[in-house]
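# Structural overview
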Amino acid sequence: MTTPPAPRHDARPSRRRGRPAVVAAALAAALLGTLGNVSAVPARAAGQPAAADCPPALAEKATCYTGQDADGAFYTMAVPHRWNGSLVVHAHGGPDLGDASDPARSTEDLERWAVMVDQGYAWAASSYRRGGYGARMAAADTENVRRLFTERFGRPEHTYLHGQSWGGNVAAKVAETYGRRPGAYDGVLLTNGVLGGGSRGYDYRVDLRVVYQYYCHNHPRPTESQYPLWQGLRPGSTMTTAGLRARLEECTGYASDPADRTALQQRNLDDILAVTGIPERTLESHLRFATFTFRDIVTNRLGGRNPWSNRGVRYSGSHDDKALNAGVERFSADPTARRDLSYDSDLTGKVSLPVLTLHAIDDPTAFVEHEAAYRATLRGAGRERNLVQTFTREHEHSSLSDSEYAGSLAALDSWVRTGHRPSPRSIAASCAAFDTRYAEGCFYDPGFRPAPYAARVRPRPGGLAWPAMTAAQERAWSRIEGVGIAP
């Protein structure tokens, strides 16, 4: 069977002191004794990082390394020739699907975010030990690559977390789980992050799965083996992405010119989009997630138990809401499955580090309302002062302007070094200086504030309070044998 990855769903000209990576590493190692070690637990390494080719954009600017840790996770590191002494630890998005770690994934992300190395930061990223869902697993692998970097190159002056898309969820989990250890991390940059957590962050895809089936009746077809829609796809199915795409086209004509759609196709498409709020241009990718990734979560990670619910949800916006609500499939979550998904990926908001977020207002994959959920989560934990959020008038999910990435990282670095909390307006104003180098544009809207998460995603009963998992719940659940999702 073929299954796709989920959608990757991804300064002033430097005046820093330039110094070779080897010198900077030696200095950091010398300081290690006076500044304190980052962890008493050694990194899990299968071998030393080996020199490797850098992406073309960094070929003349950095030395790159690859390796595989003791848990099977491939990783990539890069040290600029003019290293500023600080490190960015990156958490990739997805989750990609597959049984094993993808050796190419962290290298691809280094190429995508080469701007950070160009700005003088070292880089380290894990491809995670396996594909499939598991935020705590990914967080542990991300922490491990930081330790591997420190053991090889010495302790950086400052260490920053970066995560985009699902990697934003992972990086936020790293900050909560490992960020309280003195010297481990100094700040966090989350870009286009999936910050609503697992137990609520995919409810709009749950809604898509049931609303699609109500109108289309072809996933599964009446002549095929039936299964509850919360499974995403029945175990053992041989459906491919091409097969799913064909069914979506059959029902809605989404890939056809509007003039070539039948009246029924157009009405089906209009109703699905209006009820779910999902943009037409990412309808297919969201349905893929609600099919293949849901199967991974339910079948592979939760032992067939259902973490999803749509009881009490009233769907609206269609040409006949009464018929839709009477006919759509309904189900309730298994409490233990919902607990395990929540424990794995929900956020408590108890982060003690400066956190800066950057999010495209028109992100079609991780809706900007995820940022409202994250602010409410930190507010509920009494940590809102640690958060600064910025928003741009961009329309993509997997990448944003390099000028904005460079400016965001510089703003976070300044916040950490000086203790002066930046404002969205000051970050927007500083972007122009970086754009003289990268020329990709600055699209900030300093006055924008996202609507509450419930304004975009229909809440389930009891689903309006944040955080979705409190720190007290996390502590209590952690004492339950086998809780969560296995690595």
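Everything here concerns the structure above.
Read on for an overview of the structure. (Residues numbered from 1 in each chain as written. Predicted model: local features only at pLDDT ≥ 70, side-chain atom pairs only at ≥ 80, totals over all residues. Heavy atoms only, no water.)

On to the packing of helix 11 (residues 335-345) against helix 16 (residues 471-478). Angle between the axes and distance between the axes: these two values describe a pair of packed helices. At a minimum axis distance of 11 Å, the contact between helix 11 and helix 16 shows a crossing angle of 115 degrees. Relative to helix 16, helix 11 is oriented roughly perpendicular. The two elements helix 11 and helix 16 meet at a crossing, and its hand is left-handed. Contact with helix 11, carried on its side by Arg 339, Ser 342 and Tyr 343, involves Glu 474, Trp 477 and Ser 478 of helix 16 and no other residues of that element. Broken down by class, the residue content of the contact of helix 11 with helix 16 amounts to two nonpolar, two polar and two charged. (Axes fitted to C-alpha atoms, helices over the stretch in contact; angles between N-to-C directions. Helix = DSSP H or I, 4+ residues; strand = E, 2+ residues; numbered from the N terminus. Parallel < 35°, antiparallel > 145°, perpendicular 65-115°, else oblique. Left-handed = near helix turned anticlockwise from the far one by under 90°. Contact = heavy atoms within 4.5 Å. Nonpolar A, V, L, I, M, F, W, Y, C, P; charged D, E, K, R; others polar.)

Here we take up the packing of helix 6 (residues 203-216) against helix 8 (residues 263-276). It is at 10 Å that the axes of helix 6 and helix 8 come closest, and there the two elements cross at 155 degrees. As far as their axial angle goes, helix 8 and helix 6 are roughly antiparallel. The way helix 6 lies across helix 8 gives a crossing that is right-handed. Every residue of helix 8 that contacts helix 6 at Asp 207, Leu 208, Val 211, Tyr 212, Tyr 215 and Cys 216 is listed here: Asn 268, Asp 271, Ile 272, Val 275 and Thr 276. Within the contact of helix 6 with helix 8, the residues separate by chemical class into seven nonpolar, two polar and two charged.

Here the focus is the packing of aromatic side chains. This structure, assessed with the given rule, holds 15 aromatic pairs. Measuring from centroid to centroid gives 5.9 Å for Trp 83 and Phe 149, while their planes differ by 85 degrees, and the two rings are edge-to-face. With Trp 83 in the loop between strand 3 (74-80) and strand 4 (87-91) and Phe 149 in helix 4 (residues 135-153), the pair connects residues that are 66 residues apart, well separated along the chain. Both residues of the pair, Trp 83 and Phe 149, belong to the buried class. Here the aromatic rings of Tyr 133 and Tyr 202 are separated by 6.1 Å at their centres, their planes lie at 80 degrees, and the arrangement is edge-to-face. A residue pair is termed long-range when its members are at least 10 positions apart, and Tyr 133 in the loop between strand 5 (122-126) and helix 4 and Tyr 202 in the loop between strand 7 (187-191) and helix 6 qualify at 69 residues. When sorted by exposure, Tyr 133 lands in the same class as Tyr 202, which is buried. A cation over an aromatic ring shows up here: Arg 136 above the ring of Tyr 343, its NZ or CZ 3.9 Å from the ring centre. (Phe/Tyr/Trp six-rings, centres within 6.5 Å; stacked < 30°, edge-to-face > 60°. Buried < 20%, exposed > 50% of the residue type's maximum accessible area, 1.4 Å probe, protein only. Lys NZ or Arg CZ within 6 Å of the ring centre and 35° of its normal.)

Inspection of every chain in the model, using the stated rule, returns three disulfides. A sulfur-sulfur separation of 2.0 Å characterises the disulfide bridge that pairs Cys 54 with Cys 64. Here the disulfide of Cys 54 and Cys 64 is right-handed, its torsion about the S-S bond being about 110 degrees. Note that Cys 54 is positioned in the loop between strand 1 (50-52) and strand 2 (62-68) and Cys 64 in strand 2, a separation of 10 residues in sequence. For Cys 54, a relative accessible area of 17% corresponds to the buried category. What makes Cys 64 buried here is its relative accessible area of 2%. Covalently, Cys 431 is tied to Cys 442 through a disulfide, its sulfur atoms 2.0 Å apart. Handedness here is read from the sign of the S-S torsion; for Cys 431 and Cys 442, about -85 degrees, the answer is left-handed. Placement of Cys 431 in helix 14 (residues 424-438) and of Cys 442 in the loop between helix 14 and helix 15 (453-456) is noted, with a sequence separation of 11 residues between them. (Disulfide = S-S within 2.5 Å.)

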